[in-house]
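Chain and residue survey
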Amino acid sequence: MRCQNPAMHITFCCTDTKPEPWMEGLRAALPDALLSVWQPGTPAADYAVVWAPPQHFLDQQSRLKALFNIGAGVDALLKLNLPSQALVVRLDDAGMSVQMAEYVCHAVIRHFREFDGYAADVQQGRWSYRKPRSRADCAVGVMGLGVLGARVARALQTFEFPVNGWSRTPKAIDGLRGFSGPDGFHDFLGATRVLVNLLPLTPDTQDILNRGTLSRLLPGGYLINVARGAHLVEDDLIALIDEGHLSGAMLDVFRSEPLPQAHPFWTHPRITVTPHTAARTLRDESIAQIAGKIRALERGETVSGVVDAQVGY
Ligand code: NDP
Ligand code: OXD
């Protein structure tokens, strides 16, 4: 379908992202639109495709109808002063949830089956066996049951792990033990051995992974943080691992990214670091989704993935 408004202007303002392939894709998907790579002086646009845009870009957007964030998390965007008339639209899966399910299942299985221990033994030329662990004793708790968390929970169920889930509002997912709200949080943690964080970063969730909360996990607890670094009080994690209450962690996100060279996470023997790569933005899928939503908005329809700035996600 062609755009109804031939004068529609879409501008691209994404930090650390090469614009050319995005522009090519957007041009193919929306041939009637006027496209620009934003720079100071570019006229105000109808729609913007953004990642970490500067405040002065937003200040110039007097007629913007929607901002399309090329990621799922909008915490950085919501810290800015946004044009009040514009919708903020996050990427709505667009190929991310299957990647996140792969990452988390890999992390859980690697921990549960002790594959790091086997790899270390093999390095030493040792043919060793470890006692199989009980799956029933390895309840996995997923914090956040949104687009990504719900998919991760379902993927974990296929490996027959008991799965707990925690969300702000109650959620019914077949076979999942659901907890919600602040009242359900302690019981959720107390029933969980492997904790997966897939919450958005909001004032309510900042620092939520701390000594008090992580201590409530079942003994030998393991943390997988794939949401945002600012959810985790890093020193508390290291202390709990070193004290033996937690058995380790696999971390994809950090307070400071790239993770500083001198950071203790790099060398901690029980912490695995990955470079914010659990679920990457896939360009073609994202362009198709954004173009589809622009067309829908131009037809006066509603679209999914609109962020509620009041709740913060
Ligand atoms: P969604 O917005 O779809 O889901 C968020 C979930 O968190 C919802 O279930 C929501 O509850 C729950 N939640 C929010 N606030 C609270 C709270 N205070 N207490 C309890 N539950 C809460 O997010 P996504 O699943 O799409 O993404 C989650 C996060 O993953 C992103 O915000 C981003 O930070 C991170 N991410 C990381 C990537 C990586 O590569 N490492 C890639 C992509 C995203 P309810 O259902 O009741 O609304
Ligand atoms: C995202 C991310 O939010 O990459 O999409 O973390």
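Just above, that's the structure.
Reference entry: report on the structure contained in this document. (Residues numbered from 1 in each chain as written. Chains lettered and ligands numbered in written order. Predicted model: local features only at pLDDT ≥ 70, side-chain atom pairs only at ≥ 80, totals over all residues. Heavy atoms only, no water.)

**Here's the deal with the overall build of the protein**
Put simply, the rule is: Numbering of helices and strands starts at the N terminus; helices are DSSP runs of H or I of at least 4 residues and strands are runs of E of at least 2. Each radius of gyration reported is based on C-alpha atoms, and the globular scaling rule is 2.2 Å times the count of residues to the power 0.38. Residue exposure (1.4 Å probe, protein chains only): buried if accessible area is under 20% of the type maximum, exposed if over 50%, otherwise partly exposed. Contact between two residues is taken to exist if any of their heavy atoms lie within 4.5 Å; hydrogens are not considered. Calculation of accessible area relied on Shrake-Rupley with a 1.4 Å probe; when residues are assessed, cover is drawn exclusively from the protein chains displayed.
Secondary structure summary: the protein contains 10 helices and 12 strands in total. Its C-alpha atoms give the protein a radius of gyration of 22 Å, within 12% of the compact-globule value 20 Å for 313 residues. The buried share of the protein, reckoned over its 313 residues, is 50%. Partitioning the contacts of the protein with sequence separation of at least 6, the portion at a separation of at least 24 is 61%. As displayed, the protein has an accessible area near 15300 Å², and 52% of this comes from carbon and sulfur atoms.

**Examining the sheet that holds strand S11 (residues 246–251)**
How we decide: For two strands to count as paired, DSSP must find a minimum of two bridges between them. An axis is simply a line fitted to the C-alpha atoms; with a helix, the fit covers only the stretch in contact. Between two such axes, the angle follows the N-to-C directions and lies from 0 to 180 degrees.
An order of S8-S7-S6-S9-S10-S11-S12 is seen for the seven strands of this open sheet, with the pairing classed as parallel. Edge strands, defined here as strands with exactly one partner in the open sheet, are strand S8 (177–180) and strand S12 (271–273). On average, adjacent strands in this sheet sit at an angle of 15° to one another, irrespective of strand direction. The pairing of strand S6 (residues 140–143) with strand S7 (residues 163–167) spans four bridges and is parallel. In the sheet register, Gly141 faces S7, and the bridge partner there is Asn164.

**Quick notes on the sheet that holds strand S3 (residues 47–51)**
Pairing in this open sheet of five strands is parallel, and the strands run S2-S1-S3-S4-S5 from one edge to the other. Two strands bound the open sheet, and with one partner strand each, they are strand S2 (34–37) and strand S5 (87–89). The mean angle between the axes of side-by-side strands here comes to 20°, regardless of whether they run parallel or antiparallel. Of the strands in this sheet, strand S1 (9–14), S2 and S3 touch helix H1 (residues 19–29), which is tilted by about 175° from S2.

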